[in-house]
Amino acid sequence: MDPSAYHMTPDEFRLNARLVIDWIADYLERVEEYPVLSQVAPGEIRAKLPDRPPVSGEPFDTILADIDDIVLPGITHWQSPNFFGYFPANSSGPAILGELLSAGLGIQGMLWATSPAATELETHLMDWLVEMLGLPERFLSTSAGGGVIQDSASSATLVAILAARERATGFESSHRGTDPDLVVYTSNQAHSSVEKAARIAGFGTDKLRLVEVDDTYAMDPEALEAAIAADLAAGLKPTAVVATVGTTSSTAIDPVRRIGEIARRHGMWLHVDAALAGTAALLPEMRWLNDGVDLADSYVFNPHKWMLTNFDCSAFFVADRSTLIRSLSVLPEYLRNEASESGKVFDYRDWQIPLGRRFRALKLWFVIRHYGTEGLQAVVREHLRLARAFASWVEADPDFELAAPVSVNLVCFRHVGGDDVNERILETLNRSGDLLMTHTKLDGHYTLRMSIGQTRTEERHVRRAWDLIKQAAG
Ligand SMILES: *Cc1c(COP(=O)(O)O)cnc(C)c1O
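The shown structure was predicted, so the numbers you read here are calculated from the model rather than taken from an experiment.

Calculation criteria
- Residues numbered from 1 in each chain as written.
- Predicted model: local features only at pLDDT ≥ 70, side-chain atom pairs only at ≥ 80, totals over all residues.
- Heavy atoms only, no water.
- Helix = DSSP H or I, 4+ residues; strand = E, 2+ residues; numbered from the N terminus.
- Patch = residues over 30% accessible without salt bridge, like charges linked within 9 Å, V, L, I, M, F, W, Y side chains within 5 Å.
- Areas by Shrake-Rupley, 256 points an atom, 1.4 Å probe, with all protein chains shown as cover.
- Salt bridge = Lys/Arg side-chain N within 4 Å of Asp/Glu carboxyl O.
- Lys, Arg positive; Asp, Glu negative; His and termini not counted.
- Charge placed at Lys NZ, Arg CZ, Asp CG, Glu CD.
- Axes fitted to C-alpha atoms, helices over the stretch in contact; angles between N-to-C directions.
- Parallel < 35°, antiparallel > 145°, perpendicular 65-115°, else oblique.
- Left-handed = near helix turned anticlockwise from the far one by under 90°.
- Contact = heavy atoms within 4.5 Å.
- Nonpolar A, V, L, I, M, F, W, Y, C, P; charged D, E, K, R; others polar.
- Pairing = 2+ DSSP bridges.
- Near = heavy atom within 4 Å.
- Polar contact = N/O pair within 3.5 Å; in protein donor to acceptor, adjacent residues only side chain to side chain.
- Buried < 20%, exposed > 50% of the residue type's maximum accessible area, 1.4 Å probe, protein only.
- Arc of directions from axis to C-beta.
- Core = buried A, V, L, I, M, F, W, Y, C linked by side-chain atoms within 4.5 Å.
- Domains from an automatic or database assignment.

Trainee: A description of the environment of Glu-131 should follow, citing residues and the corresponding values.
Mentor: Within the secondary structure, Glu-131 sits in helix 4 (residues 116-133). Here the alpha-carbon distance between Glu-131 and Ala-197, two residues 66 residues apart in the chain, equals 29 Å.

As structure tokens, this is what we get:
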């Protein structure tokens, strides 16, 4: 058969696209009814798939039907308003439609020249975010800095650590390999991506210092200072410190200003990881979260967690883009072009690990324009209110206690009956499918995490969750 006969015609595409859009709309309308945590056993989904790939193409409605029959049972419903696990991975109508358009355009945005709109829209949106979140002006593209969308905070932290390594060695590490004397610091509550970045960047985990925290689980700056002094005395080179604004375990807020002052004094790179909590700075009353960020060399937060923009969309800012670009730029002949040589454009391939890049700015643009700053603030403010309300119910109940300060939208709490009781509560709740929660360990104790930030979570969902938690406690 003529190859063109295999393609979906534009008319077929129109029809099928409507089916898919209707499917998504129905799904989101009904998402609350599904058991939040997928109840399948390992291997159950694979067992429903044919052993061999199809030789002849299949009709689209047959394919779509398998989303219901095969895929849905194996889905944990992150878009359910009863999803209180981990941190949210939000989406919203405008985000989904922006993502679809990005697939429809199907571009590769690696260079300005490979689709100027992708680069310029992204640069512009990153500048908008600086204003929306009250971030320092040195992160603006109109200063020496600038922002870029990464696939994840993990990638952003890796490129920050690489740039720190290059700056510390006069760009020698990329020629000779990582200097074995370089040391990275972060708190013992930092996200695992910091350790991963230190490993990949060649520091080695024995050159990663996990600094002690205080009783709010925030980094102790005196312990940081002491660790640096010990390393200097041993002839090592303190290179970078990663501070966290909103740790994954308990949303602890490191004292960024004090850490930044220490970093300045020792010529170290300060990277701030605000993956979840950064979004809260949309609210003027939460701008204290940014205290000290003006001392940071780089900063990351994830619109794909709490800013209603589906994964992946991680906003990464640097104060000095030339260091980042010099650290990551490799220029083969086949990518040379006039626009790049002119120095008038950003080529975002030089701001990230991979060459290729998706047009992620579209979905973020749609979200910001659909909601406006006002709409995004309203959603986030409500989540914060609900978290405080939930915390007050925990505090008022003699059977439960808070396990960490509630600084943002995460409530860490536990039943006073001990680890086994809390483990049983969590297992009962998640197996019921009524809601999803996850746990952490704080001070060695099993702790329940109630993360309130799903796009569609309302007060009734949080009230019901609290009732179910008390029931599960028996
Ligand atoms: C979620 C989280 C990350 C990882 O985010 P990815 O985008 O999935 O890499 C990093 N740091 C903190 C504090 C987080 O909460």
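Trainee: Pulling in residues and values, what's your account of a negative patch on the surface?
Mentor: A cluster of like negative charges, contributed by Glu-58, Asp-66, Asp-68 and Asp-69, occupies part of the molecular surface. You can see Asp-68 is positioned in helix 2 (residues 60-71).

Trainee: Give a description of the packing of helix 8 (residues 221-233) against helix 9 (residues 256-265) that names residues and reports values.
Mentor: The contact between helix 8 and helix 9 brings their axes to 10 Å, and the two run at 20°. Relative to helix 9, the element helix 8 is oriented roughly parallel. Read as a crossing pair, helix 8 and helix 9 show a hand that is right-handed. Of the residues in helix 9, those in contact with Pro-221, Glu-222, Leu-224, Glu-225 and Ile-228 of helix 8 are Arg-258, Ile-259, Ile-262 and Arg-265. Of the residues assigned to the contact of helix 8 with helix 9, the class counts are five nonpolar, no polar and four charged.

Trainee: Give a description of the sheet that holds strand 10 (residues 438-442) that names residues and reports values.
Mentor: Pairing is antiparallel in the open sheet, where four strands are placed in the order 8-9-11-10. A strand with exactly one partner marks an edge of an open sheet, and here the two such strands are strand 8 (400-402) and strand 10. Strand-to-strand, the axes of this sheet are offset by a mean angle of 40°, without reference to chain direction. Across four bridges, strand 9 (residues 410-415) lies against strand 11 (residues 445-451) in antiparallel orientation. What sits directly across from Leu-410, in strand 11, is Ser-451.

Trainee: Kindly report on the site of the ligand, identifying the contributing residues and their values.
Mentor: The full set close to the ligand counts 14 residues, and Ala-153, Ser-154, Asp-273, Asn-302 and Lys-305 are the nearest of them. At 2.6 Å, a side-chain N or O of Ser-154 approaches an oxygen atom of the ligand. In the environment of the ligand, an oxygen atom lies 3.0 Å from a nitrogen or oxygen atom belonging to the side chain of Asn-302. Protein contacts shield 88% of the accessible area of the ligand, which totals 390 Å² for the unbound molecule. For the shell around the ligand, the elements supplying multiple residues, two or more each, are helix 5 (153-168) and helix 10 (303-306). Among the residues forming the shell around the ligand, the class breakdown is three nonpolar, nine polar and two charged.

Trainee: Could you give an account of the sheet that holds strand 6 (residues 298-301), with specific residues and numbers?
Mentor: As summarised here, the arrangement of the seven strands in space is 1-7-6-5-4-2-3, forming an open sheet in which the pairing is mixed. Taken across any chain shown, the strands that pair with only one partner, and hence form the sheet edges, are strand 1 (146-150) and strand 3 (208-211). This sheet shows a mean twist of 20° between the axes of neighbouring strands, independent of strand direction. Alignment of strand 5 (residues 269-273) against strand 6, held across three bridges, turns out to be parallel. Pairing of His-271 across the sheet is with Ser-298, part of strand 6. Against the sheet, helix 5 engages strand 1, strand 2 (182-187), strand 4 (237-244), strand 5, strand 6 and strand 7 (314-318), with an angle of about 175° to strand 5.

Trainee: Provide a residue-level description of helix 7 (residues 192-200), including the pertinent values.
Mentor: Residues of helix 7 that are buried: Ser-193, Val-194, Ala-197 and Ala-198. When helix 7 is viewed along its axis, its buried side chains cluster within an angular range of 140° and face the same direction. Across helix 7 from its buried face, at more than 90 degrees, point the exposed residues Ser-192, Lys-196, Arg-199 and Ile-200. Close packing links the buried residues of helix 7 with helix 5, strand 2, strand 3 and strand 4. Two residues or fewer after helix 7 comes Gly-202, characterised by a positive phi angle close to 85°.

Trainee: Would you mind going over the pairing of strand 9 in detail, with residue names and values included?
Mentor: Most of strand 9 sits inside the fold, with six of its six residues counted as buried. Burial of the side chains of strand 9 extends over both faces: Leu-410, Cys-412 and Arg-414 are buried on one face and Val-411, Phe-413 and His-415 on the other.

Trainee: Give a detailed account of the environment of Ile-107, specifying residues and quantitative values.
Mentor: Looking at the secondary structure, you find Ile-107 in the loop between helix 3 (93-105) and helix 4. Expressed as a C-alpha distance, the spacing of Ile-107 and Arg-369, which sit 262 residues apart in the sequence, is 22 Å. Here Ile-107 is in contact with Ser-102, Ser-115, Ala-118, Arg-357 and Phe-359, once residues within four sequence places are set aside.

Trainee: Which residues make up the nonpolar core, and what values go with them?
Mentor: Within the largest apolar cluster, 72 residues are counted, with the highest numbers of intra-cluster contacts made by Leu-129, Leu-270 and Phe-317. The element contributing the most residues to this core is helix 13 (residues 361-396), with nine residues. Counting contributing residues, this core receives three or more from each of domain 2 (107-358) and domain 3 (367-473). Excluding residues within four positions of it along the chain, Phe-317 makes contact with Met-126, Leu-129, Val-130, Leu-135, Phe-139, Gly-146, Gly-147, Asp-297, Ser-298, Tyr-299 and Phe-301. Counting 31 residues, the second-largest nonpolar core is a separate cluster that includes Leu-162, Ala-190, Ala-197 and Val-318.

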